[in-house]
Amino acid sequence: MPIVQRWIRRLSPKGTSSTKRTRALVRATFALRRASRSAWFMRGRPRSMVPGGSRVKRGGPRRRRHVGGGVLSLAPMTNKGDRVRFAPSPTGYLHIGGVRTALYNWLWARKTSGVFVLRIEDTDRERSTDASVKVIFDSLKWLGLTWDEGPEVGGPNGPYFQTERTAVYAEFVDKLIARGHAYRCYCTKEELDAKRAALPPGSFFRYPGTCRHRTDHPDRPHVVRLKAPASGHTGWLDLVKGRIDVPNESQQDVVLVRADGIPLYNFGAAVDDITMGITLVARGDDHVVNTPVQLLIYEGLGYTPPKLAHLPMINGPDGKKLSKRHAAVSAGEYRDMGYLPDAVLNYLARLGWSHGDQEIFSRSELIEKFDWASVGRTPAQYDAKKFAFVLGAHLRGLDDAALAADARPFLSAELRDAADADGSRYVAAVGTVKTRATTLAEVGDMIDFYFRDTPSEDEKAVAKFLVPASAPHLQALRQVVEGVTPFTRQPLEAAIDAWLAETGLQMKNVAQPARVAMTGRSQSPGLFEVMEVLGRERTLARLDAALTRCGAT
RNA sequence: GGCCCCAUCGUCUAGCGGUUAGGACACUGGCCUCUCACGCCGGUAACUGGGGUUCAAGUCCCCAUGGGGUCACCA
């Protein structure tokens, strides 16, 4: 098949460049979205009914080296109805890596008509806060990553805060102990810390198994530990990484439940995934070390583990862990900067996942095309420039009215009043800066000059162009423009063209002074559209004001 | 250090044993043009190294190197 494709490429005329194809694809994406709101509802349909569906890659494992020998088998990619979950801990902002994890889960749930559950892993009492919980909800809602079961919406498997599920954990920990896969440990944290401290530097502590074989049950505070098997191995066929096997000797008797009865991550996650009927777990690949422990818990409890997918990390531009130092890392920051949610999702989706040569995806296309087989295994680096490109592409794909509505919250109070007072002029203004902005906040900044009584001025531009030599041109331009009716783009252009032809003047000599006169800047949308949006009165007033400046300079 | 994962342009990636190693962002030359964008045409740029397997290896295997993850009564 690849050979055939290569031949087609070879034989096809050089005329259509790939860039051209991509641009066409970008345009088609948005045209489709505009034309058909129903695209939102296509998610449940068979691929054959979906545009481009026949080009969807075949599912299945992509690396031969890992195929075969697994207990778990890769489910066919068309499998319906996975129950997936996103399980953040409310200890701060919602990290962009977490957003991507949530996104992949959400996409998969939507694609397979499955269920996306949100669970709050708040068992770290020290660090969990209600404020962080709210941040998670707000961020997810802003991105449109709505959950089917979880806090606020409820569901049959609640509660969805782990701290409210202690009864469930108590039941399951008893069961695990009864089945001989866990035991009570009476060693205190202080004792263990002392042993840890006594270790020579550079070596690593391992629980010595002190309580592993004791048969008494003193009435003392205790934790519960996993009785990890001493031999054999534990493994699974990861949906993105392929076969992973870990020798059991490398496992420790990790603590499952604290002395206060609150579970630790591994136990809480496993029990909740069991009781919530989760069939596919996708999470960051920093969790692959935890997976064998959870598998052992599943096994010890007698349950079949879910399908597992571990996503590579997102690194900063320097290849190190992405931090505030590199870029905005929380979803909230992106919202505040005026990033379009769909564009954020698009960029994040493409960071670690691909679909042929396509770069720009609408939300519904993401749902339609996402698959685990196309998730990459390599860590990705955050690239602000590419992000900006994706942002711009989505912005340009919006129609003027929609963009104007989205941008409204980012206007200054003064601007917002002006915009509300004349909605159609506001929308027209937005239309003139659409190809120039990448964020909603930028849209606000860029249309500022239309609405202020006197535009804020770029000093250098003024000094360069509003000079005595410009005065005659501006004076003449004023006369030309004054009587044009209607005061719109084409008539204005025609009138000015005629004037230029008559006088032999060059547009480029007239344009910059006029631009600075009307916008205060040396860079702006096209002059004629600026004049149209400004309207006759303001245009003339600004030319007059500039004339004075020219003389005064 | 133990265990685990990863390795194609600067970056995101395509590649499923036979390719002039493709695309995108960025960078860059040009076109369009009243500026800046948008758009259009072009260019620079990659298979970490070494062994195997094979008629043939970016693709399969092994080793090395380099990166990353993790070793808590955090998640």
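Source: prediction; values computed, not measured.

Q: Tell me what's going on with the packing of helix α10 (residues 341-350) against helix α12 (residues 384-397), and back it up with residues and numbers.
A: Where α10 contacts α12, the axes come no closer than 9 Å and their chain directions differ by 135°. It follows that α10 is oblique to α12 by the angle criterion. Considering the relative orientation of α10 and α12, their crossing is right-handed. On α12, the residues touching D342, A343, V344, N346, Y347 and R350 of α10 are K386, F387, V390, L391 and H394. Its residues placed into classes, the contact of α10 with α12 shows six nonpolar, two polar and three charged.

Q: Before we move on, could you go through the packing of aromatic side chains and cite the residues and values that matter?
A: Considering all chains together, one arrives at 16 aromatic pairs under this definition. Both rings, one in Y104 and one in F370, keep their centres 4.9 Å apart while their planes meet at 40°; by these two values the pair is tilted. Residue Y104 is located in helix α3 (residues 96-111), and its partner F370 is located in the loop between α11 (363-369) and β11 (380-381); the two are separated by 266 residues in the primary sequence. With relative accessibility at 1%, the residue F370 sits in the buried group. An aromatic cluster is present here, built from Y104, W108, W353, F361, F370 and W372 joined pairwise through their rings. We note R225 situated over the ring of Y207; from NZ or CZ to the ring centre the distance is 3.6 Å.

Q: Report on the confidence of the model for chain A, specifying residues and quantitative values.
A: Should pLDDT be low for a region, the predicted coordinates there are not to be read in detail. Looking at chain A as a whole, its pLDDT mean stands at 87, while 85% of the residues score no less than 70. Below pLDDT 50 for its whole length, residues 1-24 participates in three contacts with residues either more than four positions away or in separate chains. The ipTM assigned to the predicted complex is 0.97, against a pTM of 0.88.

Q: I'd like a rundown of the protein's contact with RNA strand B, residues and numbers included.
A: Residues in contact with RNA strand B amount to 74 residues; listed here are only the nearest, D124, R258, T435, R436 and R515. For RNA strand B, the fraction of atoms within 4 Å of the protein that belong to sugar or phosphate moieties is 70%. With respect to RNA strand B, the side chain of R515 contributes an N or O atom lying 2.4 Å from a base oxygen. S522 is positioned such that a nitrogen or oxygen atom in its backbone is 3.2 Å from a sugar or linking oxygen of RNA strand B. Listing elements by their share of the surface near RNA strand B, those giving two or more residues are α1 (2-11), α2 (18-35), α6 (189-198), β6 (242-247), β11, α12, α20 (507-519) and α21 (527-552). Here the element with the most residues in the surface near RNA strand B is α2; it accounts for six residues. When the residues that make up the surface near RNA strand B are grouped by side-chain class, the tally is 22 nonpolar, 21 polar and 31 charged.

Scoring rules and cut-offs
Residues numbered from 1 in each chain as written. Chains lettered and ligands numbered in written order. Predicted model: local features only at pLDDT ≥ 70, side-chain atom pairs only at ≥ 80, totals over all residues. Heavy atoms only, no water. Axes fitted to C-alpha atoms, helices over the stretch in contact; angles between N-to-C directions. Helix = DSSP H or I, 4+ residues; strand = E, 2+ residues; numbered from the N terminus. Parallel < 35°, antiparallel > 145°, perpendicular 65-115°, else oblique. Left-handed = near helix turned anticlockwise from the far one by under 90°. Contact = heavy atoms within 4.5 Å. Nonpolar A, V, L, I, M, F, W, Y, C, P; charged D, E, K, R; others polar. Phe/Tyr/Trp six-rings, centres within 6.5 Å; stacked < 30°, edge-to-face > 60°. Buried < 20%, exposed > 50% of the residue type's maximum accessible area, 1.4 Å probe, protein only. Lys NZ or Arg CZ within 6 Å of the ring centre and 35° of its normal. pLDDT = per-residue confidence, 0-100. Near = heavy atom within 4 Å. Polar contact = N/O pair within 3.5 Å; in protein donor to acceptor, adjacent residues only side chain to side chain.

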